[in-house]
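Descriptive structure summary
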Amino acid sequence: MAACAASARGLSTHKKPQQVVIAGGGVIGCATAYYLAKEHGIGATIVDRKSIAAAASGNAGGFLARDWNDGSPTQEMTHRSFDLHATLAEDLKQYGATDYRRLTCVAVGVDGRTAVQKPDGKKLENVDWADSAGVMGMRPMGDESTIAQVHPRKLCDAFVAAAKDLAGASVVEGCASGLREEDGRVTCLELSDGSTLEADAVVLCMGPWSHALGRPKNEKMGLRGDENYKGWGLQNCPLVVGTKYHAVLLQAPRVLSQSVFFQGLGDPEVYPRPDGEVYVTGSPDPADIVRDLPGETEVREEVCEQLVAKMNVLSSELKDAPINHKQACHLPSAVDGVPVVGELRSGTYVGYGHGCWGILLAPATGEALANQIATGESPTLDLGRFDPRRF
């Protein structure tokens, strides 16, 4: 009875916000805007210094696995989000294709000493396209009941299109730089050009650039191209680092339907897409504070060339395949490796630090944040273990 009474008191004191501003146009911010619109009729304003999905959310692989986080703090979040992705594939169809599909996944062991030879065309049983001379064995990592994929940029675009249609959400170009508060509650988001966006709720979804949130206000962040950008001085915001991954997008001669995680030869990861494009990544840089601006991450040609060279010896079907694009992005992680999601202070919420699983975990994160912002509660996901006030 006491718990019910406390819950009732919480509901009675929480006021549904009318002006929600989201700092960050990545997949977490876009998902939050979508669920605010769909479930609560709130048209949020998304502000981003570059564009929607300008950084990792537009350059990630979009690989989804339902059970790979079992036993970790994100198990419940992963299960909920994986299932939501399937629902979103239908719900968002009218707003644009997200290229969602189910597929299989295997791990393939490679002997680097013989893998440098020309692919011999012989494939292991249950391996769709990897035929390197150095292939030693395989291990199933999931079938179509637990493995799926989505195109991250297309998903973000569909989220935003739906949020605009359902509740009048909007997108504003600008660089979020701080908060203003009155009587302990947020009143607006400050932008670096001196302007403000009025708000009775602000959501900070700034990926690896969330590092600035907890740094002192007079500390320069050392961003290349924005040397005067400074910290926000907020409490309970942890160290956030980015792990830089390069990727090359090859065009296969046919549509492949099996993701492969190679073990050996630098452990490349390969995610085929339904249009025949193949996303190849691997050999990440050590995690570090991100100094590149969103959408301006340096792409090192030599790393991309190494990824192409590996595909030339790992698959006869991808040998000398046309290169559609070369890119790089930073995957954000908090100091303890657990996402930071929830209310930071009165009217201010955060969502970042999902590591390599940002695309996978975005729907459940956005749904939970939207519920918490609109009602004060998150019935779909227990946010306790992700609470920023744990720091």
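In this report, the structure presented in the accompanying data block is examined.

Conventions and cut-offs
Along every chain, residues carry numbers that run from 1 in the direction the sequence is written. Per-residue local features are limited, in this predicted model, to residues with pLDDT of at least 70; the limit for side-chain atom pairs, both in listing and counting, is 80 or more; totals at the level of whole chains, interfaces and linings are taken over all residues. Remark: hydrogens and water are excluded; side-chain values derive from all non-hydrogen atoms of the structure. Numbering goes from the N terminus for both helices and strands, where a helix is a DSSP run of H or I of at least four residues and a strand is a run of E of at least two. The rule is simple: take the accessible area with a 1.4 Å probe, protein chains only, and divide by the maximum for that residue type; under 20% is buried, over 50% is exposed, in between is partly exposed. Reported accessibility uses the Shrake-Rupley method at a 1.4 Å probe radius. Residues are deemed covered only where the shown protein chains occlude them. By the counting rule applied here, Lys and Arg register as positive and Asp and Glu as negative, while His and the ends of each chain are not counted. Taken as the charge location is NZ of Lys, CZ of Arg, CG of Asp or CD of Glu. Whenever a pair of cysteine sulfur atoms sits within 2.5 Å, that pair is classed as a disulfide. Every axis in this analysis is a line fitted to C-alpha atoms, fitted for helices over the stretch in contact. Angles between the N-to-C directions lie between 0 and 180 degrees. Under this scheme an angle from 65 to 115 degrees is roughly perpendicular, one under 35 degrees roughly parallel, and one over 145 degrees roughly antiparallel; angles in between are oblique. We call two residues in contact whenever any of their non-hydrogen atoms come within 4.5 Å of each other. Throughout, the ten residues Ala, Val, Leu, Ile, Met, Phe, Trp, Tyr, Cys and Pro are labelled nonpolar, Asp, Glu, Lys and Arg are labelled charged, and all others, Gly among them, are labelled polar. Any two strands between which DSSP finds at least two bridges are classified as paired. Only residues whose relative accessible area exceeds 30% and that form no salt bridge are eligible for patches; like-charged ones are grouped when within 9 Å, while nonpolar side chains (Val, Leu, Ile, Met, Phe, Trp, Tyr) are grouped when within 5 Å. A pairing counts as a salt bridge when a side-chain nitrogen of Lys or Arg comes within 4 Å of a carboxyl oxygen of Asp or Glu. N or O atoms closer than or at 3.5 Å make up a polar contact, with two conditions inside protein: a donor-capable atom paired with an acceptor-capable one, and, for residues adjacent in sequence, both atoms drawn from side chains. Between the rings of Phe, Tyr and Trp (Trp by its six-membered ring), a pair exists once the centres lie within 6.5 Å; its type follows the angle of the planes, with under 30 degrees stacked, over 60 edge-to-face, and the other angles tilted. Remark: a charge is flagged as sitting over a ring if the NZ atom of Lys or the CZ atom of Arg is within 6 Å of the ring centre and within 35 degrees of the ring normal.

Thoughts on the overall build of the protein chain
- Helix and strand counts for the protein chain come out as eight helices and 19 strands.
- Referenced to the eigenvectors of the C-alpha coordinate spread, the extents of the protein chain come out at roughly 70 × 50 × 35 Å.
- The 391 residues of the protein chain split such that 56% are buried.
- When the accessible area of the protein chain is evaluated, it comes to approximately 16100 Å², of which 47% is carbon and sulfur surface.
- The centroid of the 38 positive side-chain charges in the protein chain is displaced by 1 Å from the centroid of its 49 negative side-chain charges.

Re the state of the cysteines
- Inspection of the entire model under this criterion finds zero disulfides.
- Of all cysteine sulfurs in the structure, the one in cysteine 356 sits closest to cysteine 105, which takes part in no disulfide; the separation is 13 Å.
- Of all cysteine sulfurs in the structure, the one in cysteine 188 sits closest to cysteine 175, which takes part in no disulfide; the separation is 15 Å.

A closer look at the packing of helix α4 (residues 75-91) against helix α8 (residues 358-375)
- Remark: α4 packs on α8, axes separated minimally by 7 Å, with the N-to-C direction vectors making an angle of 95°. Comparing their axes, α8 and α4 come out roughly perpendicular. Counting all contacts with α4, which are made through Met77, Thr78, Arg80, Ser81, Phe82, Leu84, His85 and Leu88, the residues of α8 involved are Ile359, Leu360, Leu361, Ala362, Pro363, Ala364, Thr365 and Glu367.
- Partitioning the contact of α4 with α8 into residue classes produces ten nonpolar, four polar and two charged.

Things to note about the sheet that holds strand β19 (residues 348-352)
- Sheet architecture is open: six strands sit in the order β8-β2-β1-β12-β19-β18, paired in mixed fashion. The sheet is open, and its two edges are formed by β8 (170-173) and β18 (340-345), each paired on a single side. For this sheet the average axis-to-axis angle between neighbouring strands, irrespective of direction, equals 20°.
- By the bridge criterion, four bridges tie strand β2 (residues 45-48) to β8 in an arrangement that is parallel. What sits directly across from threonine 45, in β8, is serine 170.
- Packing of helix α2 (residues 27-40) onto the sheet brings it into contact with β1 (20-23), β2 and β19, and relative to β1 it is tilted by some 160°.

A few points about the sheet that holds strand β6 (residues 135-142)
- With mixed pairing, seven strands are arranged side by side in an open sheet as β6-β5-β14-β15-β16-β13-β17. Edge positions in the sheet fall to β6 and β17 (323-334), since each has one partner strand and no second. For this sheet, the mean angle separating the axes of adjacent strands, direction not counted, is 20°.
- One ladder, built from six bridges, connects strand β13 (residues 240-251) with strand β16 (residues 277-282); its direction is antiparallel. Each residue of the ladder has a partner; that of leucine 249, found in β16, is tyrosine 279.

Some points on a negative patch on the surface
- Taken together, the side chains of Asp67, Asp70, Asp143 and Glu144 make up a negatively charged region of the molecular surface.
- Looking at the element boundaries, aspartate 143 is found in the loop between β6 and β7 (147-149).
- Judged by relative accessible area, aspartate 143 falls into the partly exposed class, the value being 41%.

Topic: the side chain of asparagine 69
- Relative to the helices and strands, asparagine 69 resides in the loop between β3 (63-65) and α4.
- Not counting the four nearest positions on each side in its chain, asparagine 69 is found in contact with Thr74, Gln75, Thr78, Trp357 and Leu360.

Considering the side chain of lysine 244
- Within the secondary structure, lysine 244 sits in strand β13.
- Reaching out from lysine 244, the side chain makes a polar contact with the backbone oxygen of glutamate 298 at a distance of 2.7 Å.
- Among all residues touching lysine 244, those that are not within four sequence positions of it are Pro284, Asp285, Asp292, Thr297, Glu298, Arg300, Ala328, Cys329 and His330.

A few points about the environment of valine 202
- Position of valine 202 relative to the elements: it lies in strand β12 (residues 201-204).
- Note on valine 202: relative accessible area 0%, which makes it buried.
- Non-local contacts of valine 202, meaning those with residues more than four positions away in its chain, are made with Val21, Leu179, Val186, Leu189, Gly347, Thr348 and Tyr349.

So, the packing of aromatic side chains
- Going through the model one piece at a time under the given rule, you end up with eleven aromatic pairs.
- Between tryptophan 68 and tryptophan 357, the ring centres sit 6.1 Å apart and the planes meet at 90°, which makes this aromatic pair edge-to-face. Linking tryptophan 68 in the loop between β3 and α4 with tryptophan 357 in the loop between β19 and α8, this pair joins segments that are 289 residues apart in sequence.
- The exposure class assigned to tryptophan 68 is partly exposed, which follows from its relative accessible area of 27%.
- Joined through ring pairs, the aromatic side chains of Phe63, Trp68, Phe261, Tyr271, Tyr279 and Trp357 make up one cluster.
- Seen from the ring of tyrosine 229, arginine 49 lies directly overhead, with NZ or CZ sitting 5.4 Å from the centre.

Description of the pattern of salt bridges
- On inspection of all chains with the given rule, the structure shows 20 salt bridges.
- Notably, a salt bridge pairs arginine 300 with aspartate 285, separated by 2.9 Å at the nearest N-O pair. Of this pair, arginine 300 sits in the loop between β16 and α7 (301-314) while aspartate 285 sits in the loop between β16 and α7, and the two are 15 residues apart along the sequence.
- For lysine 319, the salt bridge identified is with aspartate 320, shortest N-O distance 3.9 Å.
- According to the relative accessible area criterion, lysine 319 is partly exposed, its value standing at 37%.
- By relative accessible area, aspartate 320 is classed as exposed at 60%.
- What you see here is one network of salt bridges that share partners, running through Asp128, Arg254 and Glu317.

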